[in-house]
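# Observations on the model geometry
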Amino acid sequence: MDILLIGGLWLHGSVWGRVASELEGLGHRPVPLTLPGQGDGSVSATLDEQVDAVLAAVDAVPGKVMVVGHSAACTLAWLVADRRPERLAKVAFIGGFPSSHGQPYADFFDVRDGVMPFPGWTPFEGPDAADLDDGARRELAAAAIPVPAGVARGVVRLADERRFGVPVVVVCPEFTPAQAQECIDAGDAPELARAKHVDFADIDSGHWPMITKPAELARILAAAADRP
């Protein structure tokens, strides 16, 4: 299956390199995406442009695809499910849940000079970054691409309720499947509460398993793609 890989905030498509290699070995066709404003040099990219870029990747391959969103890009993957529900075999969310209609996409940190730079490691101390050593932290921070304000502050627009019929797998890195289910039950993930088919997969990692556990993450994604 073609598997589109979408990194979260500040991430270039190259972050998926080791996961993509493993997925190829498992018989799938990974497509790591570099999003507008996150690697193409644009500081004026918008959320709509990122959605359009992923839609173009979906439309470029025959048959159904699986779309994988990491962190904030869980919402981006879900926006694509809203626009192309008939083309998606499955959506995988890694380390996050999709936002609802009318919410800002990822207005989490300060915007300066039109972009939202990586805020440093203080906001991520604890389970998020516990498995990143000093070298990995330096490397990730050095490669972080400031996210254009037009992306971070873009407004989520969802319209097609057929998205709720797209099967979902929630990959749980810094939280457990039980904790994810608790969030859904508490009303903290209303889009997932309405999804008809939700599975969970546990991975013993922090927030960036594509860096710290690429082989295990690839196996989880491949297993999800192989399941009806």
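Our subject in this report is the structure included herewith. What you are looking at is a predicted structure, and each value in this text was computed from that prediction instead of being measured.

## Points about the pairing of strand 7 (residues 168-172)
Buried residues dominate strand 7, accounting for five of its five residues. Sheet analysis places strand 4 (residues 88-94) next to strand 7, joined by four bridges and oriented parallel. Looking across to strand 7, one finds that alanine 92 is bridged to valine 169. Here strand 7 pairs with strand 8 (residues 198-202) via five bridges, running parallel. Paired with cysteine 172 across the strands is aspartate 202, a residue of strand 8.

## Side note on the packing of aromatic side chains
Tallying each qualifying case throughout the model produces 13 aromatic pairs. The interplanar angle of 85° and the centroid separation of 5.2 Å between the aromatic rings of tryptophan 10 and phenylalanine 118 together place this pair among those described as edge-to-face. Of this pair, tryptophan 10 sits in the loop between strand 1 (2-6) and helix 1 (17-25) while phenylalanine 118 sits in the loop between strand 5 (115-116) and helix 4 (134-143), and the two are 108 residues apart along the sequence. Given the relative accessible area of 6%, tryptophan 10 is considered buried. On the basis of an interplanar angle of 80° and a centroid distance of 6.5 Å, the ring pair of phenylalanine 108 and phenylalanine 109 is categorised as edge-to-face. We classify phenylalanine 108 as exposed; its relative accessible area is 54%.

## Comments concerning the environment of phenylalanine 108
With respect to the secondary-structure elements, phenylalanine 108 resides in the loop between strand 4 and strand 5. Residues phenylalanine 108 and methionine 66, spaced 42 residues apart in sequence, show a C-alpha to C-alpha distance of 27 Å. Not counting residues up to four positions away in its chain, the partners in contact with phenylalanine 108 are Leu9, Ala72 and Met116.

## A word on the packing of helix 2 (residues 47-59) against helix 3 (residues 73-83)
Close contact between helix 2 and helix 3 brings their axes to 10 Å; oriented N to C, the two are set at 60°. In this view, helix 2 runs oblique relative to helix 3, as classed from their interaxial angle. Once helix 2 is placed against helix 3, the crossing between them reads as right-handed. Between helix 2 and helix 3, the contacting residues are Leu47, Gln50, Val51, Val54, Leu55 and Val58 on the first element and Leu76, Leu79, Val80 and Arg83 on the second. Here the residues of the contact of helix 2 with helix 3 sort into eight nonpolar, one polar and one charged.

## What about a negative patch on the surface?
The grouping of Asp40, Asp48, Glu49 and Asp52 at the surface amounts to a negative patch. Mapped onto the secondary structure, aspartate 40 falls in the loop between strand 2 (29-33) and helix 2.

## Describing the pairing of strand 2
Here five bridges tie strand 1 to strand 2, and the two strands are oriented parallel to one another. Note on strand 2: the bridge partner recorded for leucine 5 is proline 32. Running through helix 1, the crossover from strand 1 to the neighbouring parallel element strand 2 is right-handed.

Parameters at a glance
Residues numbered from 1 in each chain as written. Predicted model: local features only at pLDDT ≥ 70, side-chain atom pairs only at ≥ 80, totals over all residues. Heavy atoms only, no water. Buried < 20%, exposed > 50% of the residue type's maximum accessible area, 1.4 Å probe, protein only. Helix = DSSP H or I, 4+ residues; strand = E, 2+ residues; numbered from the N terminus. Pairing = 2+ DSSP bridges. Phe/Tyr/Trp six-rings, centres within 6.5 Å; stacked < 30°, edge-to-face > 60°. Contact = heavy atoms within 4.5 Å. Axes fitted to C-alpha atoms, helices over the stretch in contact; angles between N-to-C directions. Parallel < 35°, antiparallel > 145°, perpendicular 65-115°, else oblique. Left-handed = near helix turned anticlockwise from the far one by under 90°. Nonpolar A, V, L, I, M, F, W, Y, C, P; charged D, E, K, R; others polar. Patch = residues over 30% accessible without salt bridge, like charges linked within 9 Å, V, L, I, M, F, W, Y side chains within 5 Å. Areas by Shrake-Rupley, 256 points an atom, 1.4 Å probe, with all protein chains shown as cover. Salt bridge = Lys/Arg side-chain N within 4 Å of Asp/Glu carboxyl O. Lys, Arg positive; Asp, Glu negative; His and termini not counted. Charge placed at Lys NZ, Arg CZ, Asp CG, Glu CD. Right-handed = clockwise from strand over helix to strand, strands pointing away.

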